[in-house]
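The lines below spell out each chain.
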Amino acid sequence: MRIDIITVLPELLRSPFEASILKRAIDKGIVEVHLHNLRDYSTNKHKNVDDYQFGGGAGMVMSIEPIDACISRLKSERDYDEVIYMTPDGETLNQGMANRMSLLKNIIILCGHYKGVDQRVRDHFITKEISIGDFVLSGGELAAAVVSDAIIRLIPGVLSNETSALTDSFQDNLLSPPIYTRPAEYKGWKVPDVLLSGNFANIDKWREDQALEHTKNRRPDLLE
Ligand code: ADE
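Residues numbered from 1 in each chain as written. Predicted model: local features only at pLDDT ≥ 70, side-chain atom pairs only at ≥ 80, totals over all residues. Heavy atoms only, no water.

1. A closer look at the pairing of strand β6 (residues 106-111)
Argument step 1. Buried residues dominate β6, accounting for six of its six residues.
Argument step 2. Side chains Asn106, Ile108 and Leu110 of β6 all project onto a buried face; the interleaved residues Ile107, Ile109 and Cys111 project onto the opposite face, where all are buried too.
Argument step 3. Where strand β1 (residues 2-7) lies against β6, five bridges are found, and the strand directions are parallel. The residue bridging Ile3 from the neighbouring strand is Ile107, located in β6.
Argument step 4. For the handedness criterion, the β-α-β arrangement of strand β5 (residues 82-92), helix α3 (residues 95-101) and β6 is classed as right-handed. (Buried < 20%, exposed > 50% of the residue type's maximum accessible area, 1.4 Å probe, protein only. Helix = DSSP H or I, 4+ residues; strand = E, 2+ residues; numbered from the N terminus. Pairing = 2+ DSSP bridges. Right-handed = clockwise from strand over helix to strand, strands pointing away.)

2. Overview of a nonpolar patch on the surface
Argument step 1. On the surface, a cluster of nonpolar side chains totalling about 340 Å² of accessible area is made up of Leu12, Phe135, Leu137 and Leu142.
Argument step 2. On the secondary structure map, Leu137 appears in the loop between β7 (128-131) and α5 (141-152). (Patch = residues over 30% accessible without salt bridge, like charges linked within 9 Å, V, L, I, M, F, W, Y side chains within 5 Å. Areas by Shrake-Rupley, 256 points an atom, 1.4 Å probe, with all protein chains shown as cover. Salt bridge = Lys/Arg side-chain N within 4 Å of Asp/Glu carboxyl O.)

3. Things to note about the layout of surface pockets
Argument step 1. The calculated volume of the largest pocket comes to roughly 380 Å³.
Argument step 2. Lining the largest pocket are 17 residues, and of these Asp50, Asp51, Ser63, Ile64 and Glu65 lie nearest its centre.
Argument step 3. If you list the elements that add at least two residues to the lining of the largest pocket, you get β3 (50-52), β4 (60-62) and α2 (64-77).
Argument step 4. Its residues placed into classes, the lining of the largest pocket shows six nonpolar, six polar and five charged. (1 Å grid on protein atoms, 1.4 Å probe; cavity = no way out; pocket = protein on both sides within 12 Å on 5 of 7 lines; lining within 4 Å. Points joined across faces, edges and corners; volume = space filled by probe spheres on them. Nonpolar A, V, L, I, M, F, W, Y, C, P; charged D, E, K, R; others polar.)

4. Observations concerning the domain arrangement of the protein
Size of an interface, as often reported, equals the accessible area lost when the parts are brought together.
Argument step 1. Assigned domains of the protein: these are domain 1 (2-152) and domain 2 (167-223).
Argument step 2. With centres defined by C-alpha atoms, the gap from domain 1 to domain 2 works out at 37 Å. (Domains from an automatic or database assignment.)

5. Side note on the sheet that holds β7
Argument step 1. Read from one edge to the other, the open sheet built from five strands follows the order β2-β1-β6-β5-β7, with strand pairing classed as parallel. Only two strands of the sheet have a single partner each, and these edge strands are β2 (32-37) and β7. Looking at each pair of strands side by side, their axes are set apart by 30 degrees on average, direction ignored.
Argument step 2. α5 contacts β1, β2, β5, β6 and β7 of the sheet and is inclined by roughly 155 degrees relative to β6. (Axes fitted to C-alpha atoms, helices over the stretch in contact; angles between N-to-C directions. Contact = heavy atoms within 4.5 Å.)

6. Quick look at the UniProt feature "binding site: S-adenosyl-L-methionine" (unreviewed entry) in the protein
Argument step 1. Mapped onto this structure's residue numbering, the UniProt feature "binding site: S-adenosyl-L-methionine" (unreviewed entry) falls at Gly112, Ile132, Gly133, Asp134, Phe135, Val136 and Leu137.
Argument step 2. Judged by its relative accessible area of 24%, Ile132 is partly exposed.
Argument step 3. Leaving out residues up to four positions away in the same chain, Ile132 has contacts with Met86, Leu93, Leu137, Ala143, Val146 and Val147.
Argument step 4. Its place among the elements puts Asp134 in the loop between β7 and α5. (UniProt positions renumbered as here; feature names shortened; annotations may be inferred.)

7. Here we look at the site of the ligand
Argument step 1. Residues in close proximity to the ligand total 13 residues, the closest being Thr87, Ile132, Gly133, Phe135 and Leu137.
Argument step 2. Ile132 places a polar main-chain atom, nitrogen or oxygen, 3.0 Å from a nitrogen atom of the ligand.
Argument step 3. Look at the ligand: alone it shows 260 Å² of surface, and the protein chains cover 96% of it.
Argument step 4. Of all the elements in the fold, those that place two or more residues in the shell around the ligand are β5 and β7.
Argument step 5. Broken down by element, the shell around the ligand gets its largest block of residues, three residues, from β5. (Near = heavy atom within 4 Å. Polar contact = N/O pair within 3.5 Å; in protein donor to acceptor, adjacent residues only side chain to side chain.)

Right under this line is the structure:
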């Protein structure tokens, strides 16, 4: 998979891809992540990528020209499955979307800034708009990192134990059951006996029951 991220703040997006699972996925050649500084596509002498709103109002708007130049250049080099715009009024990210996107080959992610982008960018270039939740970030960069992480860890070969993604919270619309490691008792706080029993049928049953209970308590909406 190849992810091209268009941003005015590439420095904000470097470190998430330079550590842990995402770095390993890149080092193994399973995913390529390319950061594009939108200012490199500005023809303006001050390298501006934004301008005042037509009709007045506070806040700058990202201009269509540099975004068109960047997206068109990328599209002339390869086909893209999706051109995604990160925005709080997009479709809210969930595990199902991450699963589907992990099957794609090439995607572009455009990070919004200031008030957002000129509507014509959304109308003519964007194929999917994603929000990571009902709150407003200073820009789309951290949201793009979240989406990329959620997708990349699902690509086969990225996690050393592939089953570990299958047992994540949300994979089957259930939250994960509690987990424990040694010591079996700490300050009198004991690990549930069943987990030490060696009876794997009982352990599976306990985990299923706990996942269901946990989901009922915390996220009953997932069970509807
Ligand atoms: N940009 C600003 N806030 C955002 C959000 N919640 N999700 C995606 N992109 C954003």
